Amino acid sequence: MTDTGLVMRGVTLRFGDGDDTVLALDGVDLTVAPGQFVAVVGPSGAGKSSLLAVAGGLTVPTSGSVTLAGQDMTVPSARARAALRRESVGFVFQSGNLIPALTAVDQIRLPARFGGLGSRARDAVALLDEVGMAQKANRRPHQLSGGERQRVGIARALVNRPRLLLVDEPTAALDRTRSHEVVELLARETKENDVATVMVTHDHDVLRHCTTVYEMIDGRLMPVP
Amino acid sequence: MFLAVRELRFAKARFGLMGAVVALIAVLVVLLSGLSSGLVNDGVSGLQRIPATSFAFADGVQHDAAFSRSVVDISAVDSWKAQPRVADAAPFGNALINARSGSGVEIDLALFGVPTDSFLAPPVDEGSRLGAANGIVVSRTAIDAGLRVGDTVTVDRIGTRLTVVGAMADQHTFGHVDVAYLPLPVWQEIKAGVRPGESVPDGTYDEITAVAVRSVDGAEVDLAAGDRAAGTESLTRTESFGASPGYTAETSTLRLIEWFLYAISALVVGAFFTVWTIQRRAEIAVLRAMGAPTGYLLRDGLAQALALLLLAVGAGVAVGTAAGSLVGGGIPFALSAPAIAVAALLLLVLGLAGAAVAIVRIAAVDPLTALGANR
């Protein structure tokens, strides 16, 4: 047990109503301590994205509790959950999902401008340097390779010093070498920033960089030995 | 503005095209507004510059042709003078005539017959004031068109000869025709069709078009009471503009076109930002997943629309004003700063409203779609 990381207890997420319900998450228990790098593998539609959505406060579960450093992430107000996300959660999306109009350094500056976080935000240039992108600070996403985009995406997720890093299929668009580099970077940042990281992936190749691996099947989460 | 400005710079071509459309509409609106003001000047500047607050026409006169149809007995003038808060009242005669200058050039004139000693007698910039029998004082525009002080003009058909004794400083036109002020009795003879040397029929000097009434400064005359006493039907000076030939039709046509342009501009801006917002759905979902407050995204979007509109309307007004100043003398055209300011403001406000309708869609983008296979 930890009161500084992510704690999910008996989390169930049901979509739809009547006979047509889909059980996306079925009694999920998961604890991720700061500095821990957890991977979740499993087939498409097993509920991996739902797990990230609930952990990051994007979706409120049907039942169960989710806390991050003791903070309830299942509050009903969407505005309050947005505030929790910008203060405590970093997202890394598939293929980076950067804003086309922004240069690499501006991608990182943007989240710090969402309000109330100015003083806590890390320096964008230093962060870019940390992920090995200092040379390309003024490039826009279309001028970067897939791996470079992902590096910028990781730096962006870390700028507000989150407690929780949620990573969605970071290697979906990358070749083997780039995949390893990106996941290695995630592992290193997880340790250096003492952040609890949950990565959802199809890519069994990169699991050796992770602390713990879970498999998700039909909404149930099981440890992989 | 952080994102808004960078997007404007990044999607220069798209925003540029959009801005160009708004700018062209702004040019058109400025030119139309110039044409509008020009036509208003041409139609009623003669009336605008009369120091009267209202005109009392014959009871029951058709409002859109009051100046040409109304006949009032001159006794109504005294009745109006006796009304409270009336500073002065004077007989006023109006007629549109064809004439020929000494050199044979055909000219049209709007004759304003007024007593030479009344408050209606116009100030002159050149020559002398009304007074001489058959002497007329003409609009500056008639001088610009080639008429000279000292010239003689002959009224068609009846042959009355009028001499230009003076010219006013400004444009005085009525129904697109230059105004010539002349002594009331001469106007009454021309109106009655009396040829020079003929005997004047009884009653000729009793008929006028209307009573021009001037209220005490700052006070309002009870027009209904005055009308009851004098047996007339009053129109304020502004209302009487509608009685100038073609005035209502011209101004309402132009106004209709202007309002269509405002509506088109708002719709075009709205359509553009609708497409733009839909194109950005995925990145808006990402921003919202990262916890961007909805208010931040809405403010950013509106600021972007406002910046684009300011640039486009500004450029359009500048080009329109420059083009307007090149419009030649033959076309009724006058740029008026307040009219242009109102037009620019309307383009901004309506364009922003159109954009706002599109931009509020940001609030409906589900941050969940940033994750996984939903994209």
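My aim in this report is to walk through the structure given alongside it, one point at a time. None of the values given here were measured: they were computed from a predicted structure. (Residues numbered from 1 in each chain as written. Chains lettered and ligands numbered in written order. Predicted model: local features only at pLDDT ≥ 70, side-chain atom pairs only at ≥ 80, totals over all residues.)

Here we look at the sheet that holds strand β5 (residues 71-72) of chain A
Note: strands within a sheet are paired through backbone hydrogen bonds, in either parallel or antiparallel orientation. All names here are of chain A. Strand order in this open sheet of four strands is β2-β1-β4-β5, and the pairing throughout is antiparallel. Only two strands of the sheet have a single partner each, and these edge strands are β2 (22-32) and β5. With seven bridges joining them, strand β1 (residues 6-15) and β2 adopt antiparallel strand pairing. The partner of L13 across the bridge, within β2, is L25. (Pairing = 2+ DSSP bridges. Helix = DSSP H or I, 4+ residues; strand = E, 2+ residues; numbered from the N terminus.)

Observations concerning the packing of helix α1 (residues 2-10) of chain B against helix α11 (residues 294-324) of chain B
Residue and element names in this part refer to chain B. Two numbers describe how α1 lies on α11: the axes approach to 8 Å, and their chain directions differ by 45°. In terms of their interaxial angle, α1 and α11 are classed as oblique. Regarding α1 and α11, the two cross each other, and that crossing is right-handed. Every residue of α11 that contacts α1 at L3, A4, E7 and L8 is listed here: D300, A303, Q304, A307 and L308. (Axes fitted to C-alpha atoms, helices over the stretch in contact; angles between N-to-C directions. Parallel < 35°, antiparallel > 145°, perpendicular 65-115°, else oblique. Left-handed = near helix turned anticlockwise from the far one by under 90°. Contact = placed C-beta atoms within 7 Å.)

With respect to the environment of L109 of chain B
Within the element layout of this structure, L109 of chain B appears in strand β4 (residues 106-114). Sequence separation between L109 of chain B and A341 of chain B is 232 residues; the distance between their C-alpha atoms is 34 Å.

What to know about the sheet that holds strand β6 (residues 89-92) of chain A
Residues and elements named next belong to chain A. Strand order in the open sheet formed by six strands is β6-β7-β8-β3-β9-β10, with mixed pairing between adjacent strands. Each edge of the sheet is formed by a strand with only one pairing partner; in this case those strands are β6 and β10 (220-223). Strand-to-strand twist across the sheet, computed as the mean angle between neighbouring axes with direction ignored, equals 20°. Here strand β3 (residues 37-41) pairs with strand β9 (residues 212-217) via four bridges, running parallel. Opposite V41, over in β9, you have E215 as the bridge partner. Docked against the sheet, helix α5 (residues 146-158) engages β6 and β7 (164-168), running at close to 170° with respect to β6.

Concerning the pairing of strand β6 (residues 135-138) of chain B
Residues and elements named next belong to chain B. On β6, burial covers both faces: G135 and V137 on one face and I136 and V138 on the other are all buried. As paired strands, β6 and strand β8 (residues 161-167) are joined by four bridges and run parallel to one another. Note on β8: the bridge partner recorded for V138 is A167. When β6 meets strand β10 (residues 177-183), the two strands line up antiparallel, connected through two bridges. Its bridge partner lying in β10, V138 is registered against A180. (Buried ≥ 20, exposed ≤ 12 C-beta atoms within 10 Å, placed from the backbone.)

A look at the packing of α11 of chain B against helix α12 (residues 337-359) of chain B
Residues and elements named next belong to chain B. Running from amino to carboxyl end, α11 crosses α12 at an angle of 150°, the nearest separation of the two axes being 9 Å. The pairing of α11 with α12 is recorded here as roughly antiparallel in orientation. Between α11 and α12 the crossing geometry is right-handed. Contact with α11, carried on its side by L298, G301, L302, A305, L306, L309, V313, V317 and T321, involves I340, A344, L347, L348, G351, L352, A355, A356 and I359 of α12 and no other residues of that element. Among the residues making up the contact of α11 with α12, the classes are represented as 15 nonpolar, three polar and no charged. (Nonpolar A, V, L, I, M, F, W, Y, C, P; charged D, E, K, R; others polar.)

The values are spatial; any link to function lies outside them.
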